[in-house]
Structure formats: structure tokens, C-alpha cells
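Residues per chain are reported as follows:
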Amino acid sequence: MALMGDGSMHYAITALWTAAHYKIPLTVVVASNAEYGVLKEFGKLEHTRGVPGLDVPGLDIVATAASYGLDAHEAHTADEVTQLVKDGIADRQQPTLINARTLPVSA
């Protein structure tokens, strides 16, 4: 199982293809807040607020994962996340991605 944000997912997006190609039984849960939240937090520490390019709205995480060959789902509630995680762990045939929208760090 892997937990990550939508921004960090794009640092190594081709890992999704690798997981699908080799049928790695992996369940990925993405906390999707349409921004590079950790970089914004670092910006506060480094006194460099307002760096451009840290908002990434409009990305379709589910479609991206599906295009790499994962069993991809959008979760709308905490209960859906729980059930999809259980289902993903139970399905050891292919990797699964679960996108769960969250509030931006700046919210």
C-alpha cells in the first residue's frame, strides 16, 4: 500500500505503468488537493510564498491511473475509501489507485 498526495504522485508517475505492467499487487491512495501542498509548506519555512506553478487544478487522477493500466477509482466519502482499500487489497491481480479529494493546504 502507498499513500501520497496528487502533487507528489507526479514526481514518479511512470511507477504506475510499472505496477500495471508487472501486475504488482499495490493499492495506492491519493489525497488529492490540486496543489503541491508540501512545497507550499516549504515555501512558508523558506519565506518564499507565492511561488508559481504549485497549484495543479483540473488533473484527472483516476483517468491518468487508468491510462497506465491500474484499476482506478474516485472515492467520495471516508467509507468509500475504506471499502475501496479493502477491495484493492483483496484483488491481488492488478494494482489499484483510489483518489480521495481533500482540502488544499491553504484552505
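Given the structure is predicted, the values throughout are model-derived calculations rather than measurements.

Applying the stated criterion to the full structure yields four salt bridges. Glutamate 35 serves as the salt-bridge partner of lysine 40, at 2.7 Å between the closest nitrogen and oxygen. Residue classification places glutamate 35 among the buried residues on the basis of a relative accessible area of 3%. Linked through salt bridges whose partners overlap, the residues forming this network are Glu35, Lys40 and Asp55.

Quick look at the sheet that holds strand E3 (residues 71-75) now. One open sheet holds the four strands; their spatial order is E1-E2-E4-E3, and the pairing between them is parallel. Strands with a single pairing partner mark the edges of an open sheet, and in this sheet they are strand E1 (2-5) and E3. Taking the axes of each pair of neighbouring strands and ignoring which way they run, one obtains an average angle of 20 degrees across the sheet. In terms of strand pairing, E3 meets strand E4 (residues 96-101) through five bridges, oriented parallel. Along E4, the bridge assignment pairs aspartate 71 with threonine 96. In the packing of helix H5 (residues 78-90) onto the sheet, contacts are made with strand E2 (27-32), E3 and E4, and the angle to E3 comes to roughly 165 degrees.

Conventions we followed
- Residues numbered from 1 in each chain as written.
- Predicted model: local features only at pLDDT ≥ 70, side-chain atom pairs only at ≥ 80, totals over all residues.
- Heavy atoms only, no water.
- Salt bridge = Lys/Arg side-chain N within 4 Å of Asp/Glu carboxyl O.
- Buried < 20%, exposed > 50% of the residue type's maximum accessible area, 1.4 Å probe, protein only.
- Pairing = 2+ DSSP bridges.
- Helix = DSSP H or I, 4+ residues; strand = E, 2+ residues; numbered from the N terminus.
- Axes fitted to C-alpha atoms, helices over the stretch in contact; angles between N-to-C directions.
- Contact = heavy atoms within 4.5 Å.

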